[in-house]
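# Working through the structure, step by step
For reference, the chains in residue letters:
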2 protein chains.
Amino acid sequence: MATRTTQILEAAARLIARRGVRGLRVEELATEAGVSTGLIYYHFKDRTGILRHTLEFINDRAERYTTGRAADAEPLAPRAELEEILLLELQDTPEVRENSAAWGELRASAVFDQVLREDLARATLVWGQEVAALLGHVQPMAPAPALAAAGERLTALLEGLSMRWLSGGLDLGHARDLTRGAIDAELARLQGK
Amino acid sequence: MATRTTQILEAAARLIARRGVRGLRVEELATEAGVSTGLIYYHFKDRTGILRHTLEFINDRAERYTTGRAADAEPLAPRAELEEILLLELQDTPEVRENSAAWGELRASAVFDQVLREDLARATLVWGQEVAALLGHVQPMAPAPALAAAGERLTALLEGLSMRWLSGGLDLGHARDLTRGAIDAELARLQGK
DNA sequence: GTCTATATAAGGATAGAC
DNA sequence: GTCTATCCTTATATAGAC
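From a predicted model like this one, the values you see are computed outputs, not experimental measurements.

If you tally the helices and strands in chain A, you get 9 helices and 0 strands. Residue pairs at least 24 apart in sequence account for 64% of intrachain contacts in chain A once pairs closer than 6 positions are excluded. Summed over its atoms, the accessible surface of chain A is roughly 9400 Å², and 54% of this surface lies on carbon and sulfur atoms.

Residue-level contacts link 41 residues of chain A with 41 residues of chain B. The contact between chain A and chain B buries some 3300 Å² in all, and 64% of this surface belongs to carbon and sulfur atoms. At the boundary of chain A and chain B, one finds 6 salt bridges. In this structure, the salt-bridge partner of R22 of chain B is E105 of chain A, at a minimum N-O distance of 3.4 Å.

Turning our attention to the protein's contact with DNA strand D. In the region of DNA strand D, 14 residues are neighbours, and R25, Y41 and R47 of chain A together with R4 and S36 of chain B sit closest. Across the atoms of DNA strand D situated within 4 Å of the protein, the share located in sugar and phosphate is 68%. Within the backbone of S36 of chain B, one N or O atom sits 3.0 Å away from a phosphate oxygen of DNA strand D. Take H43 of chain B: an N or O atom from its side chain is 3.2 Å from a phosphate oxygen of DNA strand D. Top element by residues in the surface near DNA strand D is helix α3 (residues 37-44) of chain B. It accounts for 5 residues.

We now examine the packing of helix α1 (residues 4-19) of chain A against helix α3 (residues 37-44) of chain A. Describing two packed helices takes the angle between their axes plus the distance from one axis to the other. Residues and elements named next belong to chain A. Here α1 crosses α3 at 105 degrees, and the two axes come no closer than 11 Å. With respect to their mutual orientation, α1 and α3 come out roughly perpendicular. Here R4, T5, I8 and L9 of α1 come into contact with α3, specifically with L39, I40, H43 and F44.

Backbone geometry places K45 of chain A, a non-glycine residue, at a positive phi of 75 degrees. On the basis of relative accessibility, which here comes to 68%, the residue K45 of chain A falls in the exposed class.

Pairs can form between side chains of opposite charge once their charged atoms are near each other. Residues and elements named next belong to chain B. Going through the model one piece at a time under the given rule, you end up with 31 salt bridges over all chains. Here R79 makes a salt bridge to D184, at a shortest N to O gap of 2.7 Å. Taken as a pair, R79 in helix α5 (residues 78-87) and D184 in helix α9 (residues 172-192) lie far apart in primary sequence, 105 residues in all. Residue classification places R79 among the partly exposed positions, given a relative accessible area of 24%. Judged by relative accessible area, D184 falls into the partly exposed class, the value being 27%. Where R107 meets E159, a salt bridge forms, and the shortest distance between an N and an O atom there is 2.8 Å. Residue R107 is located in helix α6 (residues 94-110), and its partner E159 is located in helix α8 (residues 144-166); the two are separated by 52 residues in the primary sequence. Residue classification places E159 among the buried residues on the basis of a relative accessible area of 8%.

All names here are of chain A. Together, E56, D60, E63 and E130 give the surface a local cluster of negative charge. It is helix α4 (residues 47-67) that contributes the most residues to the negative patch, 3 residues altogether. With respect to the helices and strands, E56 occurs in helix α4. Looking at E56, the relative accessible area reads 48%, which means it is partly exposed.

Another aspect to go through is the relation of the copies chain A and chain B. Between chain A and chain B, the superposition needs a rotation of 180 degrees and an axial shift of 0.0 Å, giving an RMSD of 0.1 Å. Given the turn and translation reported, the copies of this chain are related as if by a two-fold rotation axis. The residues that chain A uses at the interface reappear at the interface of chain B in 100% of cases, marking a shared surface.

This part takes up the UniProt feature "domain: HTH tetR-type" (unreviewed entry) in chain A. The feature "domain: HTH tetR-type" (unreviewed entry), as annotated in UniProt, sits at residues 2-62 of chain A in this numbering. Helix makes up 79% of residues 2-62 of chain A and strand 0%, and the two end C-alpha atoms of the span are 18 Å apart.

Here the focus is the layout of surface pockets. Roughly 330 Å³ of volume is contained in the second largest pocket. Lining of the second largest pocket is provided by 19 residues; of these, R164 of chain A together with A121, T124, L125 and E152 of chain B occupy positions nearest its centre. Elements represented by at least two residues in the lining of the second largest pocket include exactly α7 (117-138) and α8 of chain B. Looking at the lining of the second largest pocket, the element that brings in the most residues is α7 of chain B, giving 8 residues.

Attention now goes to the domain arrangement of chain A. Residues and elements named next belong to chain A. Segmentation of chain A into domains returns domain 1 (1-58) and domain 2 (69-192). Between domain 1 and domain 2, the contact holds 9 residues from the first and 10 residues from the second. Between domain 1 and domain 2 the total buried area reaches about 780 Å² when both faces are included, carbon and sulfur atoms providing 62% of it. If you sort the residues of domain 1 by the area they bury against domain 2, R22, L55 and I58 come out on top, with a joint share of 54%. In this structure, the connection of domain 1 to domain 2 is made through 1 residue pair in polar contact (both at pLDDT 80 or more). Of all the secondary structure elements, the ones that give two or more residues to the side of domain 1 that touches domain 2 are α1 and α4. Broken down by element, the residue count for the side of domain 1 that touches domain 2 peaks at 4 residues, all from α1. Of the residues that constitute the side of domain 1 that touches domain 2, the class distribution is 6 nonpolar, 1 polar and 2 charged.

Turning our eyes to something else, we now look at the side chain of T124 of chain B. The residue T124 of chain B is located in helix α7 in this model. In this view, T124 of chain B contacts R164 of chain A together with W103 and R107 of chain B; residues no more than four positions away in its chain are not counted.

Definitions and cut-offs
Residues numbered from 1 in each chain as written. Chains lettered and ligands numbered in written order. Predicted model: local features only at pLDDT ≥ 70, side-chain atom pairs only at ≥ 80, totals over all residues. Heavy atoms only, no water. Helix = DSSP H or I, 4+ residues; strand = E, 2+ residues; numbered from the N terminus. Contact = heavy atoms within 4.5 Å. Areas by Shrake-Rupley, 256 points an atom, 1.4 Å probe, with all protein chains shown as cover. Buried area = accessible area lost by both parts, 1.4 Å probe. Salt bridge = Lys/Arg side-chain N within 4 Å of Asp/Glu carboxyl O. Near = heavy atom within 4 Å. Polar contact = N/O pair within 3.5 Å; in protein donor to acceptor, adjacent residues only side chain to side chain. Axes fitted to C-alpha atoms, helices over the stretch in contact; angles between N-to-C directions. Parallel < 35°, antiparallel > 145°, perpendicular 65-115°, else oblique. Buried < 20%, exposed > 50% of the residue type's maximum accessible area, 1.4 Å probe, protein only. Patch = residues over 30% accessible without salt bridge, like charges linked within 9 Å, V, L, I, M, F, W, Y side chains within 5 Å. Lys, Arg positive; Asp, Glu negative; His and termini not counted. Charge placed at Lys NZ, Arg CZ, Asp CG, Glu CD. Least-squares fit on C-alpha atoms with pLDDT ≥ 70 in both. UniProt positions renumbered as here; feature names shortened; annotations may be inferred. 1 Å grid on protein atoms, 1.4 Å probe; cavity = no way out; pocket = protein on both sides within 12 Å on 5 of 7 lines; lining within 4 Å. Points joined across faces, edges and corners; volume = space filled by probe spheres on them. Domains from an automatic or database assignment. Nonpolar A, V, L, I, M, F, W, Y, C, P; charged D, E, K, R; others polar.

Right, dumping it as structure tokens:
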């Protein structure tokens, strides 16, 4: 299953996590993937093509590990499930690091590049809604708009914490504690209203 | 007071807000500033020098508008002051846009560039502590660690919201509402404990 | 499909005149 | 201090053999 193109995409993901989207050099990618630059252009047309496919590839992987709860596992309590989903983004594994780094790059690039915005906005929306739905399981009486806002805040916070973690200013364990605290805070607010 | 070097730095700030740190071209900067590339190298040595000085310049400006409350203005209630400080970062003025964009670029660059991390960590820490202190005025009975955590969360959230705003996925008014809601949530949590 | 070799362009940086 | 002209390196991209 490790076809040549996925081999290149995996290398690209590693390299983007290491050097950033804008630090990706095609020749370096060729070396990392163990192929020639010519082959890369043959498969992906140009630099932009590499980037597009890699980000797509990364997005697919992220969905897999976000959704990836074994079918035979016992179902979690709503609050625990919410926590688990959010904390999945704060793990020190190569896969999560790569995905988070790539996501941060995508976000940062979109500030200056119109083209990336649409995908990003869609993915952001979906993610916020997922979290809002989970919050709704914990607090079934809370009004929908309040849940939606809390979902947006928790996901935005997670992006902020991820960036601080990846940029070296925040210890992972602390980031996870802060995330749990944010869940508490949002639930306290939903209850108080 | 508009010396040649500040003229160049102002142009650089504009350009970074438009193209990003990594999209900054020295020749484009020369055009934007209305000078020659030679002059830029004369003053700033090399591309890195331009970047360093520009980020410093931008940081100084940010402190001015964060601290910039007229001495004759009536003092605000603690909660209002907290809100004001946070919302200063979410305004649609060229200055705030430039500063936020530059800050986001700095953060994103630091993921891949060791050199920038130290400054960033220090500034982040100070900011979080300021917010924690303001929270302490609102909730004098809250324990210090809880205040510190809330300060970290609010500032991290603000970074996340800023990026969403700048990357086009989030309306400014909504970002401000979400910020107010986050303050409510944190205060609710501090009270509940 | 894959490689080697190379064309072409972009951007950073310097020299030297004024 | 400032400009013009130019060099040199780095990267993207293509051509053509296998």
